[in-house]
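So you can see what is in the structure, the chains are spelled out below.
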Amino acid sequence: MKTSDAIWMCLPEGMDELFEMVRFERTEQSYDIWLDEKKKLWVKPKARCIC
């Protein structure tokens, strides 16, 4: 298993859909993780008329 896959497993579910991991560093005391927000175009749902 890749280190990046293990890190995603430790983060809350769904974070990988919103962010991409651009960098991580391991020190003796911690992991430093840099995440960038993914640019997604949200499509507004069409209004439904219930008549």
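As shown above, the structure is provided for reference.
Residues numbered from 1 in each chain as written. Predicted model: local features only at pLDDT ≥ 70, side-chain atom pairs only at ≥ 80, totals over all residues. Heavy atoms only, no water.

## A closer look at the overall build of the protein
Stated formally: The helix count covers DSSP runs of H or I at least four residues long, the strand count covers runs of E at least two residues long, and both are numbered beginning at the N terminus. Buried means the residue's accessible area, taken with a 1.4 Å probe over protein chains only, is under 20% of the maximum for its type, while exposed means over 50%, and partly exposed covers the values in between. The criterion used for residue contact is that any of the two residues' heavy atoms lie within 4.5 Å.
When helices and strands are counted, the protein shows two helices and two strands. Listing every helix and strand of the protein by position from the N terminus yields α-α-β-β. Expressed as a percentage of the 51 residues in the protein, the buried residues total 4%. The long-range fraction of contacts in the protein, counting pairs at least 24 apart against all pairs at least 6 apart in sequence, stands at 9%.

## Quick look at the pattern of salt bridges
Put simply, the test is: Any Lys or Arg side-chain nitrogen located within 4 Å of an Asp or Glu carboxyl oxygen qualifies as a salt bridge.
Enumeration over the complete set of coordinates arrives at one salt bridge. The salt bridge partner of Glu25 is Arg23, with a shortest N-O separation of 2.3 Å.

Everything listed here is a matter of geometry and, on its own, says nothing about what the molecule does.
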